[in-house]
Amino acid sequence: MQKHFILSALLLCFGSVAAQPLAKPFPFGPQPLTVLDARRFHWSADGNAQIQIENGEITQTDVRSGAKTVLVKKEQLTPAGASQAIHVQAFEFFPAAKKVLLYTNGRRVWRYATRGDYWLLDLTTGTLAKLGKSLPESSLMFAKLSPDGTKAAYVSKHNLYVEDLKSGAIRPLTTDGTDRLINGTFDWVYEEELDCRDGFRWSPDSKRIAFWTVDASKIRNFLMINNTDSTYSYTVPVEYPKAGEKPSPTFVKTVDVASGKITPIQIPGEPDNNLLPRMEWIPGSSDLLIQQLNRRQQESKLYIANAATGQANTIFTETDNAWVDVRSNWEDGDMTNWYWLAGGKEFLFMSEKSGWRHLYKINREGKESQLINEPFDIIKIYQVDEKGGFVYFSASPANATQQYLYRLRLDGKGKAERLTPAAYAGTNDYEVSPNGAFAHHRFSSANSPASQAFVTLPAHKAADGKTIAEVKKTKGKVEFFQVTTSEGVTMDGWMVKPVPFDSTKKYPIVFYVYGEPAATTVNDQFGVGNDFLFQGDMAGKGYIYVSLDNRGTPAPKGRAWRKAIYRSNGIVNAKDQALGTQEILKWPFVDKDRVAIWGWSGGGMSTLNALMQYPDIYQTGIAVAAISSLRLYDNIYEERYMGIPSETAADYLKGSPISHVKNLKGNLLYIHGTGDDNVHYQNAEVLINELVKAGKLFSLMIYPNRTHSISEGQGTFQHLGKTYTDYLLKNCPPGAK
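Computed from a predicted model, the values in this text were never measured in an experiment.

Next up on the list: the confidence of the model for the protein chain. Do not read the fine detail of predicted coordinates wherever pLDDT is low. For the protein chain, the average pLDDT comes to 92, and 93% of its residues sit at 70 or higher. Throughout residues 1-39 the model reports pLDDT below 50, and contacts reaching past four residues in sequence, or to other chains, amount to 162 contacts.

So, in structure tokens, the structure goes:
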């Protein structure tokens, strides 16, 4: 639910750079296909060139000279006897082994295309061989070569396999995998809420593989129903643990590749009352570092485990009276959380314990030291250049809607140094080279289209020695502002005014809301301010379009801001939005009798709560794929922010829209897809029952078998846009008065 931040897809359409956590997941349109490298970006081994897929080939571009070299030609990507080259969707180079691992024919598992076919190209012999030939088509997941380059491992049908690259022999390392006993990957909720997908790791010496096993046998199926694809309806089961259900017992094991012997890691605690979100080999050793969260996600323990004996010892414990955030970077798919130093003797670790999202250094004995103590959040780590002595990261101390490149000394001496020039006011994203000498810089702002260039570091000059083009600006239509509520909460917002605009007249206002802990809407990047569901020119029609980020959203404003929503989801966000709206309604050009609010998923829930908890402020609401009861969403997400339902039942009830239906006064359009495997259509029917019971009239649009994105089927998205637009035009009439 809460991750489906619509602006991510909007920004994708406009070619903008997502800087805050905007990519989880796309509510409509393209789905991510990369599983080998979520960044879709590769540096050469020396850090001086970019390697990419281009016109069906793999090329290398020197960032200094611009010279381009074809590393892998189409002919090399054409299997023996085939007339066409394989369509490479992702790749990974192994320079020492002189091999390239290629991914193609991607298929979605849950939300991402994490299964497909893998091919291995030997650059020495030119041989192109398909891995897992005896296994079903497009069934391989997360294939990776052993560090010594002699074997490949992958998952197929919930079992882990190893393949000898010389002989082609394939051997299963697990044989008990089923839809409910999952080896080497994860179930729906681990993927959705912990970003866990790739579930195994080669040991540094290539002798063992560490892997997760998830026992989802006790998770009940949620049954969706398909009424349209056959004469008789049928159910579509989705394994889905609702809030209040215990987590699936999850284990870490190691397997000796030669003998096949499996050793379980003996992690203390009850497996169905804990989560295991992170596991990595310690470089140059036979030990693992494993993170365990308790079910409430308020305690995180780090264990070092011996792979051969399975013995695990606690080295570090962190607690938080709200929740411990396990994300290392606020973006989808990057959940490493550990950056190793000193040959595996110590690692970098992120924590909010200081009140800000700061960086710490921890050794194998658990002794920690804080590298930064400045009053701002680290947003994202780009690169750790141990040789040069710096860590590169993004932050924006003065403006939470923007993002800039900084670096910090690894020895903890000195202050963080901003490297992004002042001219790039907006959102800046980077891929920093391993040697810290160059970066691929991507920039946009609300009124500046996306641009990109290779730059030197730390000078931030053009890598090719030429002059970097000046920042292009469009005619500024998006205005940023701050509003302080009667409770003293200051929120960031953006606004798009009508065109033409007359300050002596009054205009209707439409609020776009998300409001959940998974994403922000107020980001200074190209594409914000566009209502992608509205068919036509919203500003030209005479609407003011606005968005606010309330407390609880993951803005870089410190721990207290983000965790104010603990046990108050549906309450704090609705109040902040409403009180912020009250201040905006004091503006002389805003018509307080024409106020609309809309949102999708978590934003749909925020819409319902705003409309029902503050009925005298909002006259019209459009809620798409919304949660109507917090008890109906998954356990890992809701229990993180709301606690365990048996202990906090009153909080769940208070934050749920169904508890406030009796207050509804305004116009409500509710939209949902019956095939939504994330926010189940059940939410719609539960809400409808309450609305009927309370005698409330409302409008309803249901899309059969459409998922959370409501995008499948010819004409669906266009119909959705027309439904939204017509309802808004009718119930919140446009134009100046």
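Next comes the rest of the account.
Another point: the pairing of strand 5 (residues 90-94). As defined by bridge partners, strand 5 adjoins strand 6 (residues 99-107) across five bridges and the pair is classed as antiparallel. Note on strand 6: the bridge partner recorded for Phe-93 is Val-100. Connecting strand 5 to the next strand, strand 6, in antiparallel fashion are four residues, including Lys-98 with a positive phi near 55°.

Below, the discussion takes up the UniProt feature "domain: Peptidase S9 prolyl oligopeptidase catalytic" (unreviewed entry) in the protein chain. In the numbering adopted here, UniProt assigns the feature "domain: Peptidase S9 prolyl oligopeptidase catalytic" (unreviewed entry) to residues 538-730. Counted over residues 538-730, helix gives 39% and strand 17%. Its end C-alpha atoms are 14 Å apart.

With that settled, consider the pattern of salt bridges. In total, this model carries 38 salt bridges according to the counting rule given. Residue Glu-639 pairs with Arg-295 through a salt bridge whose shortest N-O separation is 2.8 Å. Of this pair, Glu-639 sits in helix 7 (residues 635-642) while Arg-295 sits in the loop between strand 21 (287-294) and strand 22 (299-306), and the two are 344 residues apart along the sequence. This pair shows no difference in class: Glu-639 is buried, exactly as Arg-295 is. The partner of Glu-368 in a salt bridge is Lys-353, with the nearest N and O atoms 3.2 Å apart. Taken as a pair, Glu-368 in strand 27 (residues 368-370) and Lys-353 in the loop between strand 25 (346-351) and strand 26 (358-363) lie far apart in primary sequence, 15 residues in all.

The peptide bond linking Leu-457 to Pro-458 adopts the cis configuration, its omega dihedral lying at 5°. Note on placement: Pro-458 falls in the loop between strand 34 (448-456) and strand 35 (478-484). In this model, Val-499 is joined to Pro-500 through a cis peptide bond whose omega is -5°. Along the polypeptide, Pro-500 turns up in the loop between strand 36 (490-496) and strand 37 (507-512).

With that out of the way, let us pick up the sheet that holds strand 21. Strands pair in a sheet through their backbones, by hydrogen bonds, and they do so in one of two ways: parallel or antiparallel. Spatially, 20-21-22-23 is the arrangement adopted by the four strands of the open sheet, whose pairing is antiparallel. On the outer flanks of this sheet lie strand 20 (274-281) and strand 23 (312-319), each paired with one strand and no other. Taking the axes of each pair of neighbouring strands and ignoring which way they run, one obtains an average angle of 20° across the sheet. Where strand 21 and strand 22 come together, seven bridges link them in antiparallel fashion. Along strand 22, the bridge assignment pairs Leu-289 with Ile-304.

Within this structure, the stated rule accounts for 33 aromatic pairs. Centre to centre, the rings of Phe-393 and Tyr-406 are 6.0 Å apart; their planes meet at 10°, and the pair counts as stacked. You can see Phe-393 sitting in strand 29 (residues 390-395) and its partner Tyr-406 sitting in strand 30 (residues 404-409), a full 13 residues away along the chain. When sorted by exposure, Phe-393 lands in the same class as Tyr-406, which is buried. Taken together, a centroid distance of 5.2 Å and an interplanar angle of 80° make the contact between Phe-481 and Trp-587 edge-to-face. Placement of Phe-481 in strand 35 and of Trp-587 in the loop between helix 5 (572-584) and strand 39 (590-600) is noted, with a sequence separation of 106 residues between them. These aromatic residues form a ring-pair network of at least three members: Trp-188, Tyr-240, Trp-323, Tyr-566, Tyr-633, Tyr-637 and Tyr-641. Looking at Lys-563, its charged tip hangs above the ring of Trp-323, at a distance of 5.2 Å from the centre.

Cut-off values and rules
Residues numbered from 1 in each chain as written. Predicted model: local features only at pLDDT ≥ 70, side-chain atom pairs only at ≥ 80, totals over all residues. Heavy atoms only, no water. pLDDT = per-residue confidence, 0-100. Contact = heavy atoms within 4.5 Å. Pairing = 2+ DSSP bridges. Helix = DSSP H or I, 4+ residues; strand = E, 2+ residues; numbered from the N terminus. UniProt positions renumbered as here; feature names shortened; annotations may be inferred. Salt bridge = Lys/Arg side-chain N within 4 Å of Asp/Glu carboxyl O. Buried < 20%, exposed > 50% of the residue type's maximum accessible area, 1.4 Å probe, protein only. Axes fitted to C-alpha atoms, helices over the stretch in contact; angles between N-to-C directions. Phe/Tyr/Trp six-rings, centres within 6.5 Å; stacked < 30°, edge-to-face > 60°. Lys NZ or Arg CZ within 6 Å of the ring centre and 35° of its normal.

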